[in-house]
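Survey of secondary and tertiary structure
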Amino acid sequence: MTSEELAEIGLRFEVGGEIATITLDRPDKRNAQTFATWSALARIGRTLPEHVRVVVVRGEGPSFSAGIDLRMFTTKGLPGQGSFASVAALDGETFLARITEAQQGFLWLRRPDIVSIAVVQGHAIGAGFQLALSCDLRILADDAKFCMKEAALGLVPDLTGTKPLVELVGVAKAVEICLTARTVGAEEALRLGLAERVVPRERLDEAVGELAAALLTTDRAAAAATKRLLLGAADRTLEEQSAAERAEQAERLRALFGAKGAARRDGSAQS
Ligand code: ACO
């Protein structure tokens, strides 16, 4: 997609070296998200340059994101995108396909070959909170506020946020947060494991730069293999996880010290 097309949707996408930055860029509407936002995010994921290792997701202006564009709740809806009423009128399969497509905008951020970082200042509500949850890591400004507002609006969080939320804070705390739709401030988020770090707002960019630089110091293939292991750990038994570790390590050792890997390390010619 061209930068003009992205701008129309309220997004920016920039690549600098091994770091790509996605910016929600509709600050006057607090970076409210639409189906077009999610389709564009999915497209960015599908076409991400291969050399990118770190993906930073941030929001322009006072808030990370105020969630879904509230015009979806009106009868008129969003120009060219319909409303919840028109989505609800779709047949079952088309309806589910629409949500599946939206979820693709979030799911790729967990890919093992990249590390994604959400940079959150101000409000991250509903779809905004879920976008932050879909990233591997979260760096927060001290004014960050998370809120899973869906249940208050008669909806469920369906943009892939429920699993990472439960994994981070546990079922009981996730139930409490979602079913009260209360606000979780930055300090509490840090305490609950919803953030890796909280910094004064003016230090946000610096903190993200430091984290991204640190992530780039490790070997790319080893980092991807380690992320695969870590992401799969919760769903495996200890024995299965041990087997997965052995398999990944065998692959690593072959790459590093097998005939071809050794030749590469020596700088000698390969056939
Ligand atoms: N959709 C569309 N427009 C929005 C949204 C939204 N979700 N959130 C804010 N805006 C617009 C406002 O209408 C206003 O527009 P205007 O200047 O044309 O009147 C502008 O953004 C600024 O909003 P304010 O409320 O004035 O900004 P403030 O910084 O005081 O408050 C806050 C920010 C707390 C995020 C507030 O705007 C808000 O509560 N928004 C709605 C949040 C919400 O309910 N989201 C849905 C969650 S559920 C889900 O995502 C599935």
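Structure report, in brief. Note that the structure is predicted; figures quoted are calculated from it, not measured.

About the criteria used
- Residues numbered from 1 in each chain as written.
- Predicted model: local features only at pLDDT ≥ 70, side-chain atom pairs only at ≥ 80, totals over all residues.
- Heavy atoms only, no water.
- Near = heavy atom within 4 Å.
- Polar contact = N/O pair within 3.5 Å; in protein donor to acceptor, adjacent residues only side chain to side chain.
- Areas by Shrake-Rupley, 256 points an atom, 1.4 Å probe, with all protein chains shown as cover.
- Nonpolar A, V, L, I, M, F, W, Y, C, P; charged D, E, K, R; others polar.
- Pairing = 2+ DSSP bridges.
- Helix = DSSP H or I, 4+ residues; strand = E, 2+ residues; numbered from the N terminus.
- Axes fitted to C-alpha atoms, helices over the stretch in contact; angles between N-to-C directions.
- Contact = heavy atoms within 4.5 Å.
- Buried < 20%, exposed > 50% of the residue type's maximum accessible area, 1.4 Å probe, protein only.
- Lys, Arg positive; Asp, Glu negative; His and termini not counted.
- Salt bridge = Lys/Arg side-chain N within 4 Å of Asp/Glu carboxyl O.
- 1 Å grid on protein atoms, 1.4 Å probe; cavity = no way out; pocket = protein on both sides within 12 Å on 5 of 7 lines; lining within 4 Å.
- Points joined across faces, edges and corners; volume = space filled by probe spheres on them.

1. Focus on the site of the ligand
Near the ligand, the surroundings consist of 16 residues, among which Lys-29, Ala-66, Ile-68, Leu-70 and Ala-127 are the closest. Ala-127 places a main-chain nitrogen or oxygen 2.8 Å from an oxygen atom of the ligand. Its free accessible area being 940 Å², the ligand has 63% of it covered by the protein chains. The residue makeup of the shell around the ligand, split by class, is seven nonpolar, three polar and six charged.

2. Observations concerning the sheet that holds strand E9 (residues 197-199)
Pairing is mixed across the open sheet formed by six strands, whose spatial order is E1-E2-E3-E4-E6-E9. In this open sheet, the two strands that pair with only one neighbour each are strand E1 (11-16) and E9. Ignoring strand direction, the axes of neighbouring strands in this sheet form an average angle of 20°. With three bridges connecting them, strand E6 (residues 137-141) and E9 associate as parallel partners. Bridge pairing links Ala-141 to Val-199 in E9. Against the sheet, helix H9 (residues 204-215) contacts strand E2 (19-24), strand E3 (54-59), strand E4 (115-120), E6 and E9, and its axis sits at roughly 160° relative to E6.

3. Structural notes on the side chain of Glu-150
Inspection of the secondary structure assignment puts Glu-150 in the loop between strand E7 (145-147) and helix H6 (162-169). Salt bridges are absent for the buried Glu-150, whose nearest opposite-charge side chain, Lys-149, sits at 9.4 Å. The residues touching Glu-150, leaving out its near neighbours within four places in the chain, are Gly-126, Ala-127, Gln-130, Leu-155, Val-156 and Pro-157.

4. Side note on empty space enclosed by the protein
Under the counting rule described, the total for this entry stands at one cavity of 30 Å³ or more. A per-class count over the lining of the largest cavity returns three nonpolar, four polar and one charged.

5. Remarks on the pairing of E2
Successive residues of a regular strand alternate their side chains across the two faces of the sheet. With respect to burial, E2 is a largely interior element, five of its six residues being buried. Across six bridges, the pairing between E1 and E2 is antiparallel. Each residue of the ladder has a partner; that of Phe-13, found in E2, is Ile-22. Following E1, the chain reverses through two residues before pairing antiparallel with E2; Gly-17 in that reversal takes a positive phi of roughly 60°. The pairing of E2 with E3 spans six bridges and is classified as parallel. Counterpart to Leu-24 in the pairing with E3 is Gly-59.

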